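Given next are the chains, with one letter for each unit.
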Amino acid sequence: MTDDQADELELLRAADPVSATEGPWRDRPLTARAEHGLDRLLHHSRHRRARRRVVLWAEAAVVALAAVLALVLPDLGATSATAAPSALHPRAAAAVPLAVVADRARTAAREGGPELRKGTRVRTWSLAMDSGPDAGRPVTLPEEREVRWRPDGSRTERVETDGDVVSVRVLPPGPSDAPPRARPPGTVAGLRAYLTDLHDGGLARRVGPLTPDQLLDSLPPLLDTWTLGARENAALAGVLAGTEGLRPAGAITDRLGRTGQAYVHESRDEALRHMLILDPATGAVLGLEVMFTEDRPGLAVRAGDVMSYSAWRR
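Predicted model only: the values in this text are computed from it and were never measured.

A. Here's a closer look at the nonpolar core. Counting 29 residues, the largest nonpolar core has Leu 195, Leu 222, Leu 236, Leu 240, Leu 276 and Leu 278 as the members making the most contacts within it. At the level of secondary structure, the elements contributing two or more residues to this core comprise helix 3 (98-110), helix 4 (188-200), helix 5 (212-223), helix 6 (230-241), strand 10 (272-278) and strand 11 (285-292). Considering every element that reaches this core, the biggest residue donor is helix 5, with five residues. Ignoring any residue separated from it by four or fewer positions in sequence, one finds Leu 240 in contact with Leu 98, Leu 215, Leu 246, Leu 276 and Leu 278.

Okay, structure coming up:
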């Protein structure tokens, strides 16, 4: 068993809603701790590891005190595949420091602006990869997802690709007192603690702050649940400005044609580059690109291939 497999096995065990000694699984709801584990399986591992693309969807349905845990492997054939997109290239001469963006975001928040909203619209591009000596070059699977929440905590998730509706799911309510479902705070200290809790999921006792990789891996589950308002954008910009290892890379045009500022962190251990794109006036996250920095012959991946890209919009 590899280290990655061992980590995923531990996450699956942590996501178990009940103890094996407390009765049949169907008589117990999923706990907040299990929700943490499922969020890490869904979001964290996907962006941390360069491996075969398997999207794990897990949801706890609490109906008449019954918990249903569904693990769904989507039909990749239902989604059209395209050639891998080229990595985006910022213009280094026009770089703006994160501290400047954080200051602008605080000013924008004081002047008013959009409010925090539960729900999101996101376009994603991610590689479908095979492994082994016969692996072919990976292709990119584009997808657009819109999530709308109801007052009772249930939500509708609509998925499209190339303008065609792939699926519409109505998902039942679940525990809402833990990140990412809990309301994100609008202060730097509060949001830093929130993102730490979101990353760790109550499964480990942390010593020290999140690393840049860990912080960036925590953003997709947050931004796939919430559309941040002006206060939360300012808080997030403050968290990013206080994180060592994020290098300003310059002005950039994202995959939706929007102008932003890019901030880069390279992980030598995983041979991945994370590039976060922010609106330089408000601090809002526009996109996150993860790119391979070394060839991976076992995955038929080359340095410069984009593993995943997410573009969030209001």
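B. Focus on the environment of Glu 146. Mapping Glu 146 onto the fold places it in strand 4 (residues 139-149). With relative accessibility at 25%, the residue Glu 146 sits in the partly exposed group. For the pair Glu 146 and Thr 120, spaced 26 residues apart in the sequence, the C-alpha separation amounts to 5.7 Å. When sequence neighbours within four positions are dropped, the list of residues in contact with Glu 146 reads Thr 120, Arg 121, Thr 156, Glu 157 and Arg 158. A polar contact of 3.0 Å, which involves the side chain of Glu 146, links it to the side chain of Arg 148.

C. Spatial organisation of helix 5. Taking 1.5 Å of rise per residue, 12 residues should cover 16 Å, and helix 5 covers 17 Å from first to last C-alpha, within 8% of that figure. Among the residues of helix 5, those classed as buried are Pro 212, Asp 213, Gln 214, Leu 215, Leu 216, Asp 217, Ser 218, Leu 219, Pro 220, Pro 221, Leu 222 and Leu 223.

Definitions and cut-offs
- Residues numbered from 1 in each chain as written.
- Predicted model: local features only at pLDDT ≥ 70, side-chain atom pairs only at ≥ 80, totals over all residues.
- Heavy atoms only, no water.
- Core = buried A, V, L, I, M, F, W, Y, C linked by side-chain atoms within 4.5 Å.
- Buried < 20%, exposed > 50% of the residue type's maximum accessible area, 1.4 Å probe, protein only.
- Helix = DSSP H or I, 4+ residues; strand = E, 2+ residues; numbered from the N terminus.
- Contact = heavy atoms within 4.5 Å.
- Polar contact = N/O pair within 3.5 Å; in protein donor to acceptor, adjacent residues only side chain to side chain.
- Expected span 1.5 Å × (residues − 1).

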